Amino acid sequence: MAIGSTMHTFAVQLADVDRGVYEELSLRLARHPSETAANVLLRVLAYSLEYEEGIAFSEGIAATDEPAVLVRDATGRLTAWIEVGAPDAARLHTGSKAAGRVAVYTHREPNRLAQAWAGKTIHRGADIPLYSFEKDFVEDAASALERRNAVTVSVTERQLYLDVNGRSSSSPIAEQPVG
């Protein structure tokens, strides 16, 4: 944990009908002083929506050579590189070479990100999904964050239903390729 970081805990009830994943997750993550609440919630959403055996948070924005969320197999080999926010093309290129699967979750305007990546070298860019939500969805939900959080994440037919500490909202999960 970086100096000055704040620990947040999340009791997550996950029901991803689309993938057949139903779990109760107990998550702890450090929030760097410069990290926004929206970015913290986006990391929790990416973790939940990508949940599988071997998933873990990195050190967040303090991690320079790892994604926000990663998945390792039983041997320790990196199998998934999951970025949040607006990673640069070089990070996606590195991640795509390091892991078999890469995904990006953003609370920003997806077309602007795609424009920023246009013309840049991203290994297997066409195979990398960029997931986004309705405008202000993540920011509005993140305003309910506290140090200890009760979160319900439900997904059915690519519609995300989210409850953060009693504040409910929903958004479709939009997907487009990075490259």
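This text follows the structure it describes.
Rules used throughout
Residues numbered from 1 in each chain as written. Predicted model: local features only at pLDDT ≥ 70, side-chain atom pairs only at ≥ 80, totals over all residues. Heavy atoms only, no water. Pairing = 2+ DSSP bridges. Helix = DSSP H or I, 4+ residues; strand = E, 2+ residues; numbered from the N terminus. Axes fitted to C-alpha atoms, helices over the stretch in contact; angles between N-to-C directions. Contact = heavy atoms within 4.5 Å. Salt bridge = Lys/Arg side-chain N within 4 Å of Asp/Glu carboxyl O. Buried < 20%, exposed > 50% of the residue type's maximum accessible area, 1.4 Å probe, protein only.

Chemist: It is not clear to me how the sheet that holds strand E2 (residues 21-31) should be interpreted in this structure. Could you clarify?
Modeler: In any sheet, the strands associate via hydrogen bonds between backbone groups, in a parallel or an antiparallel arrangement. If you walk across this open sheet you meet the five strands as E2-E1-E8-E9-E10, and the pairing is mixed. At either end of the open sheet lies a strand with only one pairing partner, and these are E2 and strand E10 (167-172). Direction aside, the axes of adjacent strands within the sheet are offset by 20° on average. Of the strand pairs in this sheet, strand E1 (residues 6-16) and E2 are connected by eleven bridges, and their pairing is antiparallel. Residue pairing across strands places Ala15 opposite Tyr22, the latter belonging to E2. Where helix H1 (residues 37-49) meets the sheet, it contacts E1, E2, strand E8 (148-156) and strand E9 (159-164), and its direction lies at approximately 145° from that of E2.

Chemist: Just checking my understanding: could you explain the environment of Ser169 for this structure?
Modeler: As for its position among the elements, Ser169 is in strand E10. Setting aside residues no more than four positions away along its own chain, Ser169 makes contact with Phe137, Ala141, Leu160, Tyr161 and Leu162.

Chemist: Explain unusual backbone geometry to me, please; I cannot follow it from the model alone.
Modeler: Of note in the backbone geometry, Asp136 takes a positive phi value of approximately 70° without being a glycine. Tracing the chain through its elements places Asp136 in the loop between strand E7 (129-132) and helix H4 (137-142). Of note, the phi angle at Arg158 is positive, near 60°, even though the residue is not glycine. With respect to the secondary-structure elements, Arg158 resides in the loop between E8 and E9.

Chemist: Can you help me understand the pattern of salt bridges in this one?
Modeler: Side chains bearing opposite charge may pair, as long as their charged atoms lie close to each other. Scanning all chains against the criterion turns up eight salt bridges. Between Arg101 and Glu50 there is a salt bridge; the shortest N-O distance is 2.5 Å. Of this pair, Arg101 sits in strand E6 (residues 101-106) while Glu50 sits in the loop between H1 and strand E3 (55-57), and the two are 51 residues apart along the sequence. Under the relative-accessibility criterion, Arg101 is labelled partly exposed at 30%. Relative accessible area serves as the criterion here: at 7%, Glu50 is assigned to the buried category. Here Glu66 and Arg72 are joined by a salt bridge, their closest N and O atoms 3.7 Å apart. Exposure remark for Glu66: the relative accessible area of 26% places this residue in the partly exposed category. If you follow the salt bridges from partner to partner, you end up with Glu50, Glu52 and Arg101 in one network.

Honestly, it's all geometry; don't read function into it.
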